[in-house]
Amino acid sequence: MSARGQLNAAGLHPKKRFGQNFLLDESLCIKIADLALSEAPEYIVEIGPGTGALTAALARDGCCVRALEIDRDLVALLRERSDLSSVDILEADALTYAWPESRFERWHVAGNLPYNIATPLLVTLSQLERGPQRIVAMIQKDVADRLLAAPGTASYGSLTVAVSNAMEIRRAFTLGPGAFYPRPKVDSTVIVLNRRARPLVEPIDPRLFEKVVRGSFAYRRKTLANSLSRSLSIERAEILVAMQAAGINEDERGERLDIDSFARLADALAGRGF
Ligand code: SAM
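Remember, it's a predicted structure, so these values are computed and weren't measured experimentally.

(A) Region of interest: helix α11 (residues 259-271). The terminal C-alpha atoms of α11 lie 18 Å apart, and with 13 residues this matches the ideal 18 Å at 1.5 Å per residue to within 8%. On its buried face, α11 is in contact with α7 (158-164), α8 (206-216), α9 (224-232) and α10 (236-245). Just downstream of α11, Gly 273 is the residue with a positive phi angle, here 90 degrees.

Structure representation (structure tokens):
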């Protein structure tokens, strides 16, 4: 039965606060599930199963699937479905979930993500110590553009750096609002993130690295030295010394730095005791 049909039969309506936009086309769910099931995961966690369209496609070949759904009405509806009896359906908030799946060698995450949790969730999953080897996620197209952005472009930012350090990211396909019920206001993109064998950079102090990256983008109209000095509360002269040690021009702007430069700069600051 369609998402709309299941909701109607249960006397439910899509909830905006949970970002509920249900996929209408079963063949799209199969396409997303194929991406998530490839490379033989031992375990798959689905975020936000909703009315179970993608869940059924993920569970079709007997792969172990756990589904995290925050909406208890939908949890009840999913638990009644005989075709999903093999799926472990948990009422849980994916943002506070403890990720015990980290004990698996090879586990994947899949989901048509609610727009309001996509960014923090992808950052958390990419930075987990034994995180998923692959994430297949439907997200807003503009968030996908930010994840895939190159240095020097308007979409490039701290999100790009935070996620791409551990994950190689590619765009699979983009869908218009007509693919969902109810229709969202924007286009959506399915992205595939594969864990790198090693992160691109391994800064001496990862927390300082994060602060440097965020601080570099905090005041986009200012030079890197001014933006960092202001956001980290460090004397501009100190920042300039560290930039010189990292081989960065003093009039450089944060949005033009690649991840290696951010790591060299953070290491130079760490070396000076910050
Ligand atoms: N997977 C379904 C589909 O594609 O038709 C539904 C996708 S809908 C965009 C997002 C789903 O995530 C909804 O079922 C919503 O209730 C659920 N959700 C929202 N916030 C959540 C959270 N923090 N943790 C777990 N699930 C959440």
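Once the structure has been displayed, the description carries forward.
(B) The domain arrangement of the protein chain, seen in detail. For the protein chain, the assigned domains read domain 1 (3-195) and domain 2 (206-271). With centres defined by C-alpha atoms, the gap from domain 1 to domain 2 works out at 34 Å. Between domain 1 and domain 2, the residue contacts involve 10 residues of the former and 12 residues of the latter. Across the domain 1/domain 2 interface, buried area totals approximately 760 Å², and carbon plus sulfur atoms make up 64% of it. By the criterion of area lost to domain 2, the three top residues of domain 1 are Tyr 156, Ser 158 and Val 161, representing 55% of everything that side buries. Between domain 1 and domain 2 we count zero salt bridges in total.

(C) Quick peek at the nonpolar core. Ile 47, Trp 99, Trp 107, Ile 139 and Leu 147 are the most contacted members of the largest nonpolar core, which totals 31 residues. Mapped onto this core, the elements with two or more residues apiece are β2 (43-47), β5 (107-112), α5 (118-127), β6 (134-140), α6 (141-147), α7, β7 (167-175) and β9 (188-195). Counting residues per element, this core draws most heavily on α5, at four residues. Val 75, Val 87, Phe 173 and Leu 175 belong to the second-largest nonpolar core, a separate cluster that totals 30 residues.

(D) Structural view of the site of the ligand. As a matter of local geometry, the ligand sits amid 21 residues, with Leu 23, Gly 48, Glu 69, Asp 93 and Asn 112 nearest to it. One of the side-chain N or O atoms of Glu 69 is found 2.6 Å from an oxygen atom in the ligand. Ala 94 is positioned such that a nitrogen or oxygen atom in its backbone is 2.9 Å from a nitrogen atom of the ligand. Isolated, the ligand exposes 590 Å² of accessible area, and the fraction of that covered by the protein chains is 98%. At the level of elements, β1 (22-23) and β3 (64-69) are the ones that each hand at least two residues to the shell around the ligand. Residues belonging to the shell around the ligand are distributed by class as follows: 11 nonpolar, six polar and four charged.

(E) Representation of the sheet that holds β2 within the structure. Here seven strands make up an open sheet; going across it, the order is β4-β3-β2-β5-β6-β9-β7 and the pairing mixed. The sheet is open, and its two borders are formed by β4 (88-91) and β7, each paired with just one other strand. Strand-to-strand, the axes of this sheet are offset by a mean angle of 20 degrees, without reference to chain direction. Contacts from helix α2 (residues 26-37) reach β2, β5, β6, β7 and β9, with the element oriented near 170 degrees to β7.

(F) Layout of the packing of α10 against α11. Two elements in contact, α10 and α11, have axes whose closest approach is 8 Å; the angle formed by their N-to-C orientations is 125 degrees. One element, α10, and the other, α11, form an angle in the oblique class. Crossing angle aside, the handedness with which α10 passes α11 is right-handed. Only Leu 265, Ala 268 and Leu 269 of α11 make contact with α10, whose side of the interface consists of Ile 239, Ala 242, Met 243 and Ala 245. A class-by-class count of the residues in the contact of α10 with α11 yields seven nonpolar, no polar and no charged.

What counts, and at which threshold
Residues numbered from 1 in each chain as written. Predicted model: local features only at pLDDT ≥ 70, side-chain atom pairs only at ≥ 80, totals over all residues. Heavy atoms only, no water. Helix = DSSP H or I, 4+ residues; strand = E, 2+ residues; numbered from the N terminus. Expected span 1.5 Å × (residues − 1). Contact = heavy atoms within 4.5 Å. Domains from an automatic or database assignment. Buried area = accessible area lost by both parts, 1.4 Å probe. Salt bridge = Lys/Arg side-chain N within 4 Å of Asp/Glu carboxyl O. Core = buried A, V, L, I, M, F, W, Y, C linked by side-chain atoms within 4.5 Å. Buried < 20%, exposed > 50% of the residue type's maximum accessible area, 1.4 Å probe, protein only. Near = heavy atom within 4 Å. Polar contact = N/O pair within 3.5 Å; in protein donor to acceptor, adjacent residues only side chain to side chain. Areas by Shrake-Rupley, 256 points an atom, 1.4 Å probe, with all protein chains shown as cover. Nonpolar A, V, L, I, M, F, W, Y, C, P; charged D, E, K, R; others polar. Pairing = 2+ DSSP bridges. Axes fitted to C-alpha atoms, helices over the stretch in contact; angles between N-to-C directions. Parallel < 35°, antiparallel > 145°, perpendicular 65-115°, else oblique. Left-handed = near helix turned anticlockwise from the far one by under 90°.

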